[in-house]
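Commentary on secondary and tertiary structure
As a plain string of letters, each chain reads:
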Amino acid sequence: MSGIVYRVQTRDPAQLSNRMQAQGWHVRHMRAVDGGVEFGLSIAQGTRAQVWLAENGYSYRILYRRGAKERVKTAARHAGLWIGIALCAIVVTVMQGYCLYTDVRCASDPELAQQVEAYLAEQNIYGVIPKRAIDCDALAKALVERDERIAFAQCYFVGGRLIAEITPDHTVPPTPDVYKRLVATQDAVVTRVLTTSGTALVQEGAVVRAGDVLVDGYLIIGNPEDPAHERIEVPANGTVYGRVWYHTRLYIADEYVVNVRTGNEKTVRTTSLGKWTIGKPESPFGQYETETTIQRMSAILPLTVTTYKFYETQSVRVRTDEQARAIAIAQAQRELASQIPTDAKVLATRNLEKRLDNATQVDIYYEIEQSISCGRTD
């Protein structure tokens with residue numbers, strides 16, 4: 001319903017209502033409010049009412065108008081919003097016919113998933129491409145046929161995503177290699193020789209170098225000193241263990257530099273739609289730390305907002321204390337221990353320290369017994 005709604009300041013709402021009724025005006029929805037009344041009048045009566053209220057000393061305010069002209073003005077004020085909504089609807093409708101990115105799912109074998117992604121890229125299945133250009137059934141069949149490790153593949157669309165679900169084939173056991181000889185993988189002192197086939201060429205206590213033959217793939221039938229003895233070819237199987245040393249060296253400076261935040265910071269945001277990015281994550285500081293967060297804005301469109309928070313830092317020199325030295329040595333020991341095979345046996349550990357100018361040199365040694373043999377087929 002069209003009309004104008006007023007709020008009039010008065011101490012006697014009843015008197016105002018009676019006087020307006022006497023003017024022949026059709027007052028609608030009059031109600032008392034704090035310090036006055038609110039009521040509605042038609043647009044035609046509203047112009048005369050405003051003159052009458054002013055002449056009679058009433059203070060009034062127009063709360064809002066209702067009418068065709070006012071609706072047109074309101075629509076004009078929100079025209080940009082409606083145009084934006086319409087454009088978004090058009091973009092979403094059009095993009096429903098396109099594949100925006102691929103999603104290869106193979107949780108049990110991440111390496112296989114990466115290889116499938118590389119194959120899809122080779123077939124130009126990446127970026128924004130029409131869905132009609134992709135035959136999901138044919139693509140799934142091609143994935144199974146090209147790689148015997150894939151037992152089953154399923155390809156389908158969800159919105160703008162092409163999803164490829166891969167099921168690896170774990171039922172086919174690998175074919176064991178037949179070795180002609182076992183050779184040393186590294187320098188070592190032999191501690192044990194266990195052979196199930198072939199002839200051992202070393203014994204406990206022997207010093208071997210990487211590449212030396214440890215077990216050869218033959219057997220002697222008869223007395224080796226008898227010219228009539230027989231030599232037959234057999235696979236070389238077994239394990240040779242040896243004592244090896246793992247070593248690392250670190251230098252612990254008397255002072256070290258740490259970066260501390262000054263309290264100055266700046267936030268920069270970029271917006272990305274697929275391959276296109278608006279904005280540059282540039283820091284105003286010469287020395288800084290960065291925290292990055294990525295927020296996905298749409299389940300259909302590849303629209304993301306990336307927030308970069310830059311913190312200015314400055315370098316401060318700090319004296320190395322005993323606790324920091326112990327932490328550095330422990331970290332170096334953990335890194336060295338991570339290189340040792342899990343089935344190896346630790347025989348001894350040793351740290352050697354040497355004082356240098358403004359630093360301490362620390363040599364860390366692990367004495368290990370481990371398998372030192374590997375098979376060769378040539």
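Here's what I pulled together on the structure shown here. (Residues numbered from 1 in each chain as written. Predicted model: local features only at pLDDT ≥ 70, side-chain atom pairs only at ≥ 80, totals over all residues. Heavy atoms only, no water.)

1. Topic: the overall build of the protein chain
Filter applied, for reference: Secondary structure elements are taken from DSSP: a helix is a run of H or I of four residues or more, a strand is a run of E of two residues or more, and numbering for both begins at the N terminus. Relative accessibility thresholds used throughout: buried, under 20% of the residue-type maximum; exposed, over 50%; partly exposed, between the two (1.4 Å probe, protein chains only). Contacts are assigned to residue pairs with any non-hydrogen atoms lying within 4.5 Å of each other. Each accessible area is a Shrake-Rupley estimate made with a 1.4 Å probe; only the visible protein chains count as cover when residues are assessed.
Along the protein chain, the regular secondary structure elements total seven helices and 24 strands. Residue burial in the protein chain is summarised as follows: out of 378 residues, 31% are buried. Within the protein chain, contacts between residues at least 6 apart in sequence are counted, and of these 64% link residues at least 24 apart. Carbon and sulfur atoms make up 51% of the accessible area of the protein chain, which amounts to about 24,500 Å² in all.

2. Quick word on the pattern of salt bridges
Condition: Each salt bridge in this description consists of a side-chain nitrogen of Lys or Arg and a carboxyl oxygen of Asp or Glu lying within 4 Å of one another.
By the definition in use, this model includes 16 salt bridges. For Glu353, the salt bridge is made with Arg325, and the minimal N-O distance between the two is 3.2 Å. In this pair, Glu353 is assigned in strand 22 (residues 345-356) and Arg325 in helix 7 (residues 322-337), connecting sequence segments 28 residues apart. Here Arg325 falls in the buried class, since its relative accessible area comes to 16%. Members of the salt-bridge network, linked through shared partners, are Arg7, Arg31 and Glu38.

3. Brief notes about the packing of helix 5 (residues 110-122) against helix 6 (residues 136-146)
Angle between the axes and distance between the axes are the two parameters that describe a pair of packed helices. Threshold: Note on definitions: angles span 0 to 180 degrees between N-to-C directions of axes, and those axes are lines fitted to C-alpha atoms, for helices only across the stretch in contact. For classification purposes, angles smaller than 35 degrees are called roughly parallel, those larger than 145 roughly antiparallel, those between 65 and 115 roughly perpendicular, and all remaining angles oblique. Handedness of a crossing follows from how the near helix is turned relative to the far one, being left-handed for an anticlockwise turn of less than a right angle and right-handed for a clockwise one. Three classes are used, and their members are as follows: Ala, Val, Leu, Ile, Met, Phe, Trp, Tyr, Cys and Pro are nonpolar, Asp, Glu, Lys and Arg are charged, and the others, Gly among them, are polar.
Here helix 5 crosses helix 6 at 120°, and the two axes come no closer than 12 Å. Judged by the angle between their axes, helix 5 and helix 6 are oblique. Classified by chirality, the crossing of helix 6 by helix 5 is right-handed. Mapping the contact onto sequence places Val116, Tyr119 and Leu120 in helix 5 and Leu139, Ala142, Leu143 and Arg146 in helix 6. Each residue belonging to the contact of helix 5 with helix 6 can be placed in one class, and the counts come to six nonpolar, no polar and one charged.

4. Some details on the packing of aromatic side chains
The line we're drawing: Here a Phe, Tyr or Trp ring, Trp counted by its six-membered ring, pairs with any other such ring whose centre lies within 6.5 Å, and the pair is stacked when the planes are under 30 degrees apart, edge-to-face when over 60, and tilted otherwise.
What the rule picks out here adds up to four aromatic pairs. On the basis of an interplanar angle of 85° and a centroid distance of 5.4 Å, the ring pair of Trp25 and Trp52 is categorised as edge-to-face. Placement of Trp25 in the loop between helix 1 (13-22) and strand 2 (28-33) and of Trp52 in helix 2 (residues 43-55) is noted, with a sequence separation of 27 residues between them. Take Trp25: its relative accessible area is 4%, and that puts it in the buried class. By relative accessible area, which is 9% here, Trp52 ends up buried.

5. Considering unusual backbone geometry
We note that Asn124 has phi near 60°; this positive angle belongs to a residue other than glycine. Here Asn124 is to be found in the loop between helix 5 and strand 7 (129-130). The exposed category is assigned to Asn124, whose relative accessible area is 53%.

Note that every value here comes from positions in space, so none of it alone points to a role or purpose.
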